[in-house]
Every structure is written in C-alpha cells, then in structure tokens.
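# Notes for the structure review
One-letter residues, chain by chain:
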Amino acid sequence: MSSLRNEILKKQRIVIKIGSSSLQHKETGDLDYTKMEVLVRELCNIRNQGKDVILVTSGAIAVGKKAVGAFRVKEEEGHLGFKQACAAIGQAKLMMIYQKMFAEYNQTAAQVLVTRDTIINDLSRYNAKNTFSELLSLGVIPIVNENDTVSTYEIEIGDNDTLSAIVAALTGADLLILLSDIDGLYTDDPRTNPQAAFIEEVEVLTEEYLDMAKKTTGSNVGTGGMNTKMIAARIATNIGADMIIANSEDIRIIHRIMDGRKYGTLFKANKDDDFRMVSYIQSLHETEN
Ligand code: GLU
C-alpha cells in the first residue's frame, strides 16, 4: 500500500458525492435501487466505524422528470419553471427512498439543501456550517443537494462536484470521494488514445494535470465532466482534504477505497491558509458570465 493510500485509513470525516447517471438505469432513467441500496449500506458501514459521513446526491430533477414525464412533451423539459417543479417533486421522492433505506440500517438521515447564496452570504454560510456540525455531533448522516426548486442560473452553484467540495470545506472533512462514470484522471482521452495512461495519484495539482483533465473530458462522460471535478479538487486540496475520483460502476468501490486500496485517482491535500473559498466560488461565476 502506498503511503498516500495508507493515510485513507485514518480519515474521520468523509463526503461522498454520487451523480444522477450513477443512480439511474441507462435504459429507462428509472432509479437503480440495487445501486442505491449498496450505496446506503456502504455509508452506514463507514458510520458504524465511528466516522462521520455526508452524502451529496443528485437526482432531484431526473427523478421529478420521470415522475411527470408521461404528461409533458419533450420541448417543455428545458423550461426553468418545469425543471424547478421537477426538482420539488423529485427531491422529496429521492429523500423518501433514502430515508427508508437508511432506516433499514438503523441510521438517521437528514436533508440539507443549499444554493450559491447560502455559501456566499456570511450569515447563511455560518448557519449552514452550524447545522452540519450539529447534525454530525448527533450522529446523523446529512444528505445534501442544491436547492434546485428555487435556484436559477444567477444564484446556483450549478453542479454537485463543486457543491460536494464546498460541503467538505464547511464540515472540515478530510476526504472527498467523487463517484462518477469514469475511473479517474488519464494523461489523455482513453477512448481515442490507446497510449493514455491512468494517473493513480496527484501530489500537487499543477497546470500539467489540469491540461490532462481537459483531454480526459474529451471522453465526455459524467454530467459535470472533468472540468467541475478539477474545480472540486482545487477547493478540496486547498482546504486540506484528500479527494478521490472513482468509478461508480461497482459502488462497493467505497469500502475498497476506505481500506486504502488503489482505486481511482487520489488528489493529495495541500492545505493553503491563504485560499479563500468564497472568493474562489465568486470568481468562477464571473468567468462564466
Ligand atoms: N442538483 C441536480 C439534481 O439533483 C444535479 C446537479 C449535478 O448532477 O451536478 O438534479
């Protein structure tokens, strides 16, 4: 076991992010209950080891769309109001399923919904931080998503990769695991370049790795793609958390990672006391506009 992977065994507060595509059946868009069950079991098992776990889950809009799908025509699906309504329907449904599954393993789950405003505004951020801290001290597993029902482009974070890194920062987590439909970072697009090599560990997030990430994005997998994963890596490593990108094909990869085995790409924490997360989040929005 490499020394970096050895460190994983000591992690005490873990944020795990799962994307919509990892929770749905490709053929129908319906939820994959087997995957959800395994996810919940893995999280409860980490909790049972006395560690804190936070889940960042997508799926609100996808589940909502599926619920009303039969009554709507395709063109309407892009409308903001429709998406927000779907999120309202889907988030409640998603939580109902998670609550039921967590209860089966005797764990209490809680819902925390945030927007970009929650993070930018000092008072809201302070409140969110306190809520997380209280939930974790109660032994509860927070389940986080963006509050898509009220969030519009101007106030949204927009993707759950970035959101999960923000949550890691707010909770002082020491590990962030991004479960996606890619194995991790490659030197180049593995679909077009057979010479593309897999990167197991990134000691320091240099420009060289960011360039590789752009090429890996070429494979165009995952909702957020590699770009948002690099934003997450920048936040996570700067606030002092390790981050791992791993393939959600087999959700049991979570305990394999927690056992210190070499799965996914590990980005080593490099705590920078001068890093200002809020300014960084604001700057992301400015470059987009
Ligand atoms: N918050 C969105 C949802 O639950 C997903 C965002 C993302 O997948 O990055 O549908």
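Described in the following lines is the structure provided in the data block.

The rules we used
Residues numbered from 1 in each chain as written. Predicted model: local features only at pLDDT ≥ 70, side-chain atom pairs only at ≥ 80, totals over all residues. Heavy atoms only, no water. Helix = DSSP H or I, 4+ residues; strand = E, 2+ residues; numbered from the N terminus. Rg over C-alpha atoms; globule rule 2.2 N^0.38 Å. Buried < 20%, exposed > 50% of the residue type's maximum accessible area, 1.4 Å probe, protein only. Contact = heavy atoms within 4.5 Å. Areas by Shrake-Rupley, 256 points an atom, 1.4 Å probe, with all protein chains shown as cover. Lys, Arg positive; Asp, Glu negative; His and termini not counted. Charge placed at Lys NZ, Arg CZ, Asp CG, Glu CD. Near = heavy atom within 4 Å. Polar contact = N/O pair within 3.5 Å; in protein donor to acceptor, adjacent residues only side chain to side chain. Nonpolar A, V, L, I, M, F, W, Y, C, P; charged D, E, K, R; others polar. Pairing = 2+ DSSP bridges. Axes fitted to C-alpha atoms, helices over the stretch in contact; angles between N-to-C directions.

## What to know about the overall build of the protein
Looking only at helices and strands, one finds 12 helices and 8 strands in the protein. Relative to a compact globule of 289 residues, whose C-alpha radius of gyration would be 19 Å, the protein shows 18 Å and is just as compact. A principal-axis box enclosing the C-alpha atoms of the protein has dimensions of 50 × 45 × 40 Å. Classification of the 289 residues of the protein by burial places 53% in the buried group. Contacts in the protein between residues at least 24 apart in sequence constitute 78% of all its contacts with a sequence separation of at least 6. Of the roughly 13400 Å² of accessible surface on the protein, a fraction of 48% belongs to carbon and sulfur atoms. Charge centroids of the protein, computed over 32 positive and 40 negative side chains, lie 3 Å from each other.

## Notes on the site of the ligand
Around the ligand lies a shell formed by S58, G59, A60, I61, N145, D148, D159 and N160. A distance of 3.0 Å separates an oxygen atom of the ligand from a polar atom in the backbone of A60. I61 is positioned with one of its backbone polar atoms (N or O) 3.1 Å from an oxygen atom of the ligand. Look at the ligand: alone it shows 300 Å² of surface, and the protein chains cover 88% of it. Split by residue class, the shell around the ligand holds 2 nonpolar, 4 polar and 2 charged.

## Focus on the sheet that holds strand β8 (residues 265-267)
In spatial order, the strands read β3-β4-β2-β1-β5-β7-β8-β6; together these 8 strands make up an open sheet with mixed pairing. Of all strands in the sheet, those with a lone pairing partner are β3 (109-114) and β6 (201-202), marking the two edges. Pairing of β6 with β8, which is carried by 2 bridges, proceeds in the parallel orientation. Following the sheet pairing, V202 is matched in β8 by F267. Where helix α8 (residues 160-171) meets the sheet, it contacts β1 (13-18), β2 (52-57), β3, β4 (141-146) and β5 (175-180), and its direction lies at approximately 165° from that of β1.

## Quick look at the pairing of β1
The element β1 is largely enclosed, with a buried count of 5 among its 6 residues. One ladder, built from 6 bridges, connects β1 with β2; its direction is parallel. Bridge pairing links I14 to V53 in β2. By the bridge criterion, 5 bridges tie β1 to β5 in an arrangement that is parallel. Each residue of the ladder has a partner; that of I14, found in β5, is L175.

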